[in-house]
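Now for the letters of each chain:
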Amino acid sequence: MMTPQKYLRGLLVCVLAAGLTGCGSSGMSGSVFLAGTDAPLPSIISFRVQISNVTLSNGSGAPISIVSGPQTVDFARFNGLKTLLDFSAIPAGTYTTVNVSLANPVLTYLNTSQAGAPPTISNVPNPSLVNSNLTILLPTPLTITAGRNIGLQMDFNLHNSIQTDSNGQVTGLVNPNISFTVLTPGTPDAEIDEFNASVVSVNASSNSFIAQDVHGRQYTVQVSSATEWENNNTINSLVPNQTIVTLSGQFDVSSQTLEASDIAILSQHGFYAGGLVTYVNPASGPASNFNMYVRGVLPTDTGITPGQIANVQLTGNEEFYIFRRHTPFTQFFFNPSMMVPGQHVTIGGPASGAQNVQNILTDRVVLQPGGFSGTVVPGSVHANDDSFQMNANGIKGVLFNGPITVYVVPDITKFRYGFNGLSDLEAAGGASVRVVGFVLKNPDTGSPIILGKFVDDKEAVDIRDAQAGS
């Protein structure tokens, strides 16, 4: 149940912006934001580790920290997606090395050994870091120019980090394998795909609001005519100290303002939790409840904490939505009858409904995109219905229990990192792929399918990361 294939990886994106105000910086300093992603291992549902510090050095002066304090990150959620982790001040200059300090690793796996029973979670006993303090030479010096932003991407490759014995079983030892590359602002790679935060205040006249993350850090969010709102909401739908949103967008090239490309309301009552669906009851027909492995919670003082499996009750009065799918027809694709293990969802409602992890009450369920790594089943590419089959690796591969069909949609699905279309998958034969998209339920078979948002050449991504290796 714990034999690794492929790899789980983490991504931290550091965008450095000079000349900011409101963050303790001067005209020769900037700010850093961090984001996260992954690619999974079979049955390993979570790899949590504390990032004690990340510093940049130029070889002569004192190291400059780019995190505002220790924080625990779960590198098992974002595969091909990014989420905001931090944003802190940094002086302009040229930097040649990065130092990363890590602590308190936790490896959690999903136990599906009892057929028909809901999966449970267990921790790998006594995990430890072989090296908890790494100094990594940047492939090229990172130059921070006053008044401009630049990005620094950190990949945590767990395929080469998690140690196994001669039988391929996880030993609990983790020897961090980390690489860095530079990102250019304004490119798709600099996009924050999913950032969950509470609304603190709203300035409708300037089309902006203040959002606060789980660590208490606040950010200005700028709304424009290009911003897409989910479910016909507007900035006037936001209620300070009650609304919790998920955001997509990029930071302004010279400020600490997130320019939102998409905004979805997760909760209007001050509580949200997000995670992976591991069990649905009953498996057919309208679900009365489902189990969710919790990855994120706001606020942090409810009855739920990350790392638990929560039992969510459904009464039939909940609203169901699909993130970034702006059509009333989504209710036919995601509703209580269309839930299936392997989906990533967020739930929201009154905080009073989150006091008992075994009896969660919610009024909103939102289907979120997820990332999946695997290999294309030879001969499964069908151009006539824009689909192919994939053997999914990792925890969602365990939940899927066999090949899963991936559908691509013209003008919606994007092929990246060497792939230009289905013909490339067919020509590659058994190609290693990474698919980012939504898990849906086939109403005819009850089996899960994926509606693809991105289809990446996984080997090309691995080569790119290796060339920027530590």
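Below is a short write-up of the structure.

What counts, and where the lines are drawn
- Residues numbered from 1 in each chain as written.
- Predicted model: local features only at pLDDT ≥ 70, side-chain atom pairs only at ≥ 80, totals over all residues.
- Heavy atoms only, no water.
- Pairing = 2+ DSSP bridges.
- Helix = DSSP H or I, 4+ residues; strand = E, 2+ residues; numbered from the N terminus.
- Contact = heavy atoms within 4.5 Å.
- Buried < 20%, exposed > 50% of the residue type's maximum accessible area, 1.4 Å probe, protein only.

Spatially, 7 strands are ordered E24-E27-E25-E21-E22-E23-E26 in an open sheet, and the strand pairing comes out mixed. The open sheet terminates on both sides in strands that have one partner only, identified here as strand E24 (319–322) and strand E26 (360–361). For strand E25 (residues 344–350) and strand E27 (residues 364–368), the ladder comprises 5 bridges, and the chain directions are antiparallel. For Val345, the partnering residue across the bridge sits in E27 and is Leu367.

Moving on, we come to unusual backbone geometry. A negative phi angle is the norm for most residues apart from glycine, just as the trans form is the norm for most peptide bonds. The step from Asn281 to Pro282 runs through a cis peptide bond, and the omega angle for that step is -10°. As for its position among the elements, Pro282 is in the loop between strand E21 (270–281) and strand E22 (289–298). The step from Leu298 to Pro299 runs through a cis peptide bond, and the omega angle for that step is -10°. Counting through the fold element by element, Pro299 comes out in the loop between E22 and strand E23 (309–313). Of note in this structure, Asn126 is not a glycine but carries a positive phi near 50°. For Asn207, which is not glycine, the phi torsion reads 55° and is therefore positive.

Position of Leu399 relative to the elements: it lies in helix H2 (residues 394–400). Linking Leu399 and Gly342, residues 57 residues apart in sequence, is a C-alpha distance of 5.9 Å. Ignoring sequence-local partners within four residues, the contact set of Leu399 consists of Leu110, Leu276, Val277, Thr278, Pro341 and Gly342.

Right, let's talk about the pairing of strand E33 (residues 448–457) for a bit. Most of E33 sits out of view: 9 of its 10 residues are buried. Judged from the 3 bridges that link them, strand E30 (residues 404–407) and E33 form a sheet pairing that is parallel. Within E33, the position partnered with Thr405 by the bridge is Ile449. Pairing geometry for strand E31 (residues 414–416) and E33, over 3 bridges, is parallel. The partner of Phe415 across the bridge, within E33, is Val455.

All quantities given are derived from atomic positions and should not be read as evidence of function.
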